[in-house]
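Geometric and topological summary
So the chains spell out like this:
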Amino acid sequence: IFKKNYGITPSKFILNLRLSKVDRILRKSDVGEIKINDIAKEYGFNHMGNFAQKYKAKFGLKPSEQLKSILN
């Protein structure tokens, strides 16, 4: 029913929500202010390679690139 109403599975919805929360923090933070690994783990991403891959697929940048892009 969820997929029929929202077009994605519940697990994909939750993944997108978690990725969006991490992205929001990265966009608000300065390099050196936070550690990406700590934020990712706080939102349930335990495998950093997998997290970075999913983040890049959703936002088009690696998490570290997103954090650095704020300065440019």
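Here's what I pulled together on the structure shown here. (Residues numbered from 1 in each chain as written. Predicted model: local features only at pLDDT ≥ 70, side-chain atom pairs only at ≥ 80, totals over all residues. Heavy atoms only, no water.)

1. Notes on the nonpolar core
In summary, soluble globular proteins display a tendency toward joint burial of nonpolar side chains. The test is simple: To qualify as a nonpolar core, a set must consist of buried Ala, Val, Leu, Ile, Met, Phe, Trp, Tyr and Cys residues joined through side-chain atoms within 4.5 Å. For the exposure calls, accessible area comes from a 1.4 Å probe over protein chains only, and a residue counts as buried if that area is under 20% of its type's maximum, exposed if over 50%, partly exposed in between. Numbered from the N terminus, helices here are DSSP runs of H or I no shorter than four residues, and strands are runs of E no shorter than two. Residues count as neighbours in contact if any of their non-hydrogen atoms are within 4.5 Å of one another.
Among the nonpolar cores identified, the biggest contains 12 residues, and these are Leu15, Leu19, Val22, Leu26, Ile34, Ile36, Ile39, Ala40, Phe45, Phe51, Tyr55 and Leu67. Counting residues per element, the ones that place at least two in this core are α2 (10-28), α3 (36-42) and α4 (48-59). The greatest single-element share of this core, amounting to four residues, is contributed by α2. Other than its neighbours up to four places away in sequence, Leu67 contacts Leu26, Ser29, Asp30, Val31, Ile34 and Ile36.

2. Concerning the pattern of salt bridges
For side chains of opposite charge, pairing can occur when their charged atoms come near one another. Which entries qualify depends on this criterion: Whenever a carboxyl oxygen of Asp or Glu lies within 4 Å of a side-chain nitrogen of Lys or Arg, that contact is scored as a salt bridge.
All chains considered together, the criterion is met by one salt bridge. Arg27 is the partner of Asp23 in a salt bridge, and the nearest nitrogen-oxygen pair spans 2.8 Å. Separated by four residues within a single helix, Asp23 and Arg27 lie in helix α2, roughly one turn from each other. Looking at Arg27, the relative accessible area reads 44%, which means it is partly exposed.

3. Focus on a nonpolar patch on the surface
Cut-off, in case you're wondering: Two distance rules govern patches: like charges are joined within 9 Å, and nonpolar side chains (Val, Leu, Ile, Met, Phe, Trp, Tyr) within 5 Å, applied only to residues with over 30% relative accessible area and no salt bridge. Here the Shrake-Rupley method, with its probe set to 1.4 Å, supplies the accessible areas, and only the displayed protein chains count as covering residues.
Residues Phe13, Ile14 and Leu17 make up a contiguous nonpolar surface patch of roughly 260 Å² in combined accessible area. Within the secondary structure, Leu17 is located in helix α2.

4. What about the packing of aromatic side chains?
Where we set the bar: Put simply, two rings from Phe, Tyr or Trp (the six-membered ring, in Trp's case) pair if the centres are within 6.5 Å, and we call them stacked under 30 degrees between planes, edge-to-face over 60, tilted for the rest.
Counted by the stated rule, this structure contains five aromatic pairs. With a centroid separation of 5.6 Å and 70° between ring planes, the pair formed by Phe2 and Phe13 is classed as edge-to-face. Remark: Phe13 occurs in helix α2 and Phe2 occurs in helix α1 (residues 2-6); sequence separation between them is 11 residues. A relative accessible area of 27% means that Phe2 is categorised as partly exposed. Residue classification places Phe13 among the partly exposed residues on the basis of a relative accessible area of 39%. Ring centres 4.9 Å apart and planes at 45° place the aromatic pair Phe45 and Phe51 in the tilted group. Put simply, the rings of Phe45, Phe51, Tyr55 and Phe59 touch in pairs and so form one group of aromatic residues.

Such coordinate-based values are descriptive only and should not be taken to indicate function.
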